[in-house]
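Tertiary structure, described
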Amino acid sequence: MARPASVLNGDGLSVQELREALAQTQHALAAAQRQLCEQAQIFQAMEGLACAGYWWRHAGAQAMAAQCSPGLCHIAGLPVQESLSFGQDGCGILPEDLPAFLAARERMDGTELECRWRRPDGQVRWLRMQVRSLGGVDGNPVELGVVLDVTDEHLATSQLREQLGFIQRIASRIPGFIYQYRIHPDGTASLPYVSDAVHDLMGLRPDIKNELSALQQQVHPQDMDMLRSAIDQSACDLHPWQREYRVLSDDGSVRWHMTSAVPQAEADGGLLLHGYTIDITKRKQTEQEIERLAFYDALTGLPNRRLLLERLQHAMSVCLRHQRHGALLFIDLDNFKDLNDTLGHDVGDLLLTQVAARLVQTVREVDTVARFGGDEFVVMLDGLSSGLAQAVVEAEFVADKLLAALNIPYALAGQPHYSTPSIGIALFGQERHSVDELLKRADLAMYQAKAAGRNTQRFFDPAMQAALLARASLEADLRQGLAGNELFVHYQPVVDARGRVQGAEALARWRHPVRGFISPAEFIPLAEQTGLILPLGRHILQVACAQLVRWARDPQAAHLSLAVNVSARQFRQPGFVAEVLQTLQASGANPRRLKIELTESMLLGDLECTIERMGQLKRHGVGFALDDFGTGYSSLSYLKRLPLDQVKIDQSFVRDVLTDPNDAAIVRTILALAQSLDLAVVAEGVETTGQLGFLRLHGCEQFQGYLFGRPGSAEDMDVLLHA
Ligand SMILES: Nc1nc2c(ncn2[C@@H]2O[C@@H]3COP(=O)(O)O[C@H]4[C@@H](O)[C@H](n5cnc6c(=O)[nH]c(N)nc65)O[C@@H]4COP(=O)(O)O[C@H]3[C@H]2O)c(=O)[nH]1
C-alpha cells in the first residue's frame, strides 16, 4: 500500500523515519561534542603540563587578531579568551623583540624564535615559538603559532651562566688553572673544561685548549707514568690526590707543577676529576737551594760532611745486608796549609776546586765524592767484591788512580803548582761499625800515609787502632796528671869551658801513678796536639820563675840563668807575652835570668809576628835561644832577623862529632856562623871529654850533657853548686 504524501519527504522517508534519523544524528553529534570537549580538556591539560599554547588566525582576517588556545592565554597571563592581538599596540611582546616576531610572521617558515612577553601583571616570560602557514579547510590559509614558555629554561641557563662566570672569575684570580678531566667508560679520556691560565702554565698556543694530547705532550716524559698511576689509583679508591710533576718548556727549561684533583664517579661508569694545577717552580728552586746549602759544599759543589754521613750510613747497612764491601778513602792534601799561607786563600780555593773536579772525574758516578772540610776529601766506594782480598785490591786500584790524578800539576793563577795527597783507606761491610768509627779508621790510615812520607795510600791497620786508644787514654791521664800535680821540673846544668855552672835548662817530668816516669818525648807532642801544652807550659814557667827567685837569694846561684822550653803552639797563643811578663812580675824573678828556648819549627809560621813577640819580651830583658839548631829549616836570612841571644847545637850532631865528618863539619859551621852573628852557642848532649875537646877547639863556650850532669831536682842542682 502506498503511504500518504503528507507523511513522506522528498526522499520518500516518512516523518517517523526522519525523526529517528534526526535523533540519531543528534545523538551522534552530542557524542562527537562530548568527545571534542574531552579532547579539548586533554589538550588543555597537555598544554598546561608542557607550558605550551598556540594561536591561529585566518590569513584574510582582520589585521592582528588571532585565536588563542587556553594554554597560550595562561602563558600570556590573560583570561581565557578567543582572540589576541599581535599588533604593534596592546601586544605583550617586548618592543625590542617585536621586530624578530614580525619578521617570523612574514616568513611563516616555521623558524624557531624566542621573544619576551610582558604579562599584564608586569611579569616577563620567555616564549619560544614557531610560526607557519597551513592551508585552511575553505581554501583560506591559516597562520599558526606554537608557543612554549621557556622562562624556567632561561632562568636555569642564566643561573648556569652566572655560575660559570663566577668560576671563571675565580679561575682567573688563582695562580694556576682549574680543569675537569673525564675518563669515559671505554677508557678514553677528555678535558671537558680547563681554564684559560692553562696556556701560560703549560706553554700552549692560544688556539689549543681542551686538547688533552697537547697538554700531555708538555709533561716531562719521566713523570707521565707517575701521573697516570695517580689517576688510575683515584679511579679505584675515589680519594682526592696530589702530585708534583715537571713540564718541559719549548726553550728546554723545566718547570715544576703541582696538581690536585677530587674524583667523582659518573653514572655511566666513567670518572670525572675536578682539579687545579699550580706552578711550584719557585718553591722547588727554594727547596733545592736549601738542600744544596744544607748538603753540599759551597766552594766545590760536592756533597758535604752531612750528606756523606747520611750516604755512608745507608751504604754501610746495604753492604752488611748483601755481604758486600765498600771502602772509605780519606784524602788529605799534603802541605796545603803552606800554599794557603804563602799564596793566599783564593789560590788555595782554586786548588780545592780543581782537586774536587779530578776526584769526581776519576771515580764512577755511583761513588760519592765529598768535601769533608778544609783540604780533606772523602771518597766512598760502593759495591766492592764480597771477598775481602778482592775488595782490598779494588779499593787500592781506585786509590792509586786518585793518587795519579791528583799528582798531575795544577795551573793556579797561571802558575804550575804541584800538590800531592795522602790517602787513608778503611773497608766496611764485614762488621757492624758506627759511621764515626769508620771515619776515624780512614783518618788514622791517612795519618799513617802521611807518616810514611806522604803522597801515598795506606789501609787501616788494627795495630794503629790500639796505638790510638793508648794515646787517648794517655791524654786523659795527662789531663788528670796536670790537675793532680804529677808534673814537675828537673834541671840540667849548663857549664862554661871551665866546667863552672852558668845556668840550667828546665825540663818537664811526669811521674805517672801506674806507669812511672813517662818521657817528655812521649807526652810533650801529645800535649801539643791536644792543647794541654798551654796549662803545662804555664805550670813549668811558674815553677822555673820560682826557682830563679830561690837562686837569686843564694850567692852561689844568683848568677844562674834558666832556660825554659816553649812550644810553637804556646808561643803563638795571643796572650803569651802578657802571661810571661805577668808570671815574672808575680814571682819577682829577674827577667834577665830567664831564657826562652824556641825550636826552628817556629820559623815556619808568621815570622813577623814571632819577631814582634820576641822583641816585646826582649825589651823586658828576657833572652832567647834557638833549640836543636841545625835540624830544621832555619835559613840564614831568618836567623839574622831574629832577636836571638843563643843557639843550641842539637845533640844529634854532637853525638857523632868525632866519628862522622859531616857532623863535624856541621858543628864547625854552626860555631863559625854563630860567631859571625854574635850569638852564644851551647852544645847539647855532651857525653864525653873527646866531644868536649872538639867543641872547645872550635870555639864553643858552653856545654850541656851527661858529662856535666843529668837533669835532676832543684836539690841536686844545689848539691852541684855547693860542691
Ligand atoms: N842522650 C842524651 N840526652 C841528653 C843529654 N843531655 C841532655 N839530654 C836530654 O836532651 C834533652 C834536651 O832537651 P831538649 O832538646 O830541649 O828536648 C826536650 C824538649 O824539646 C821537650 N821538653 C822537655 N820539657 C819541656 C817543657 O817544659 N816544655 C816544652 N815545650 N818542651 C819540653 O822534650 C825534649 C826531651 O826532653 P828530655 O827527655 O828531658 O831530654 C832532654 C835531656 O834529658 C846527653 O848527654 N845525652
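Residues numbered from 1 in each chain as written. Predicted model: local features only at pLDDT ≥ 70, side-chain atom pairs only at ≥ 80, totals over all residues. Heavy atoms only, no water.

**A few points about the site of the ligand**
In the vicinity of the ligand lie 21 residues, with Gln492, Glu505, Gln651, Glu687 and Tyr706 positioned nearest. Between the ligand and Glu505 there is a distance of 2.8 Å, counted from an oxygen atom to a side-chain nitrogen or oxygen. Relative to its free-state accessible area of 790 Å², the ligand is covered by the protein chains to the extent of 82%. Among the elements of the structure, strand 20 (501–512), helix 15 (520–530) and strand 24 (623–629) are those that each provide at least two residues to the shell around the ligand. (Near = heavy atom within 4 Å. Polar contact = N/O pair within 3.5 Å; in protein donor to acceptor, adjacent residues only side chain to side chain. Areas by Shrake-Rupley, 256 points an atom, 1.4 Å probe, with all protein chains shown as cover. Helix = DSSP H or I, 4+ residues; strand = E, 2+ residues; numbered from the N terminus.)

**Topic: helix 24 (residues 714–721)**
Three or more residues of helix 24 are buried, namely Ala714, Met717 and Leu721. One face of helix 24 carries all of its buried residues, which in axial projection span an arc of 55 degrees. Those residues of helix 24 that are exposed and aimed more than 90 degrees away from the buried face are Glu715 and Val719. Residues of helix 24 that are buried in the fold lie against strand 19 (487–496), strand 20 and helix 16 (533–552). (Buried < 20%, exposed > 50% of the residue type's maximum accessible area, 1.4 Å probe, protein only. Arc of directions from axis to C-beta. Contact = heavy atoms within 4.5 Å.)

**Digging into the nonpolar core**
Within the largest apolar cluster, 77 residues are counted, with the highest numbers of intra-cluster contacts made by Tyr491, Trp551, Ile596 and Phe703. Considering each element in turn, this core owes the most residues, nine residues, to helix 16. Of all hydrophobic cores here, the second largest spans 31 residues; its members include Leu352, Leu384, Leu403 and Ile425. (Core = buried A, V, L, I, M, F, W, Y, C linked by side-chain atoms within 4.5 Å.)

**A few points about the confidence of the model for the protein**
Across the protein, pLDDT averages 89, with 94% of residues at or above 70. Prediction confidence for the complex, expressed as pTM and ipTM, is 0.49 and 0.95 respectively. (pLDDT = per-residue confidence, 0-100.)

**A short note on the state of the cysteines**
Each disulfide is one covalent bond, formed between the sulfur atoms of two cysteines. Counted by the stated rule, this structure contains zero disulfides. For the unlinked cysteine Cys73, the closest cysteine sulfur is that of Cys68, found at 4.7 Å. Taking relative accessible area as the criterion, Cys73 reaches 1% and is therefore assigned buried. (Disulfide = S-S within 2.5 Å.)

**Brief notes about the pairing of strand 17 (residues 421–428)**
In terms of burial, strand 17 is a largely internal element, eight of the eight residues being buried. As judged from the three bridges shared by strand 17 and strand 18 (residues 457–459), these two strands associate in the parallel manner. Bridging from a neighbouring strand, Ile425 pairs with Phe459 of strand 18. Between strand 17 and its parallel partner strand 18, the chain crosses via helix 13 (residues 435–451), and the hand of that crossover is left-handed. (Pairing = 2+ DSSP bridges. Right-handed = clockwise from strand over helix to strand, strands pointing away.)

**Observations concerning helix 23 (residues 689–697)**
Buried residues of helix 23: Gln691, Leu692, Phe694 and Leu695, and no others. Mapping the buried residues of helix 23 onto a view down its axis gives an arc of 165 degrees, with all of them on the same face. Set apart from the buried face of helix 23 by more than 90 degrees, the exposed residues are Thr689 and Leu697. Phi turns positive one or two residues past the end of helix 23, at Gly699, with a value near 100 degrees.

**Quick notes on the sheet that holds strand 7 (residues 176–183)**
Read across the open sheet, the five strands follow the order 8-7-11-10-9; overall the sheet is antiparallel. Either end of the sheet is taken by a strand with one partner, and the two such strands are strand 8 (189–194) and strand 9 (241–248). The average angle at which neighbouring strand axes cross in this sheet is 30 degrees, direction not considered. Looking at chain direction, strand 7 and strand 11 (residues 271–279) are connected through eight bridges and run antiparallel. Across the sheet, the residue bridging to Phe177 is Thr277, located in strand 11. (Axes fitted to C-alpha atoms, helices over the stretch in contact; angles between N-to-C directions.)

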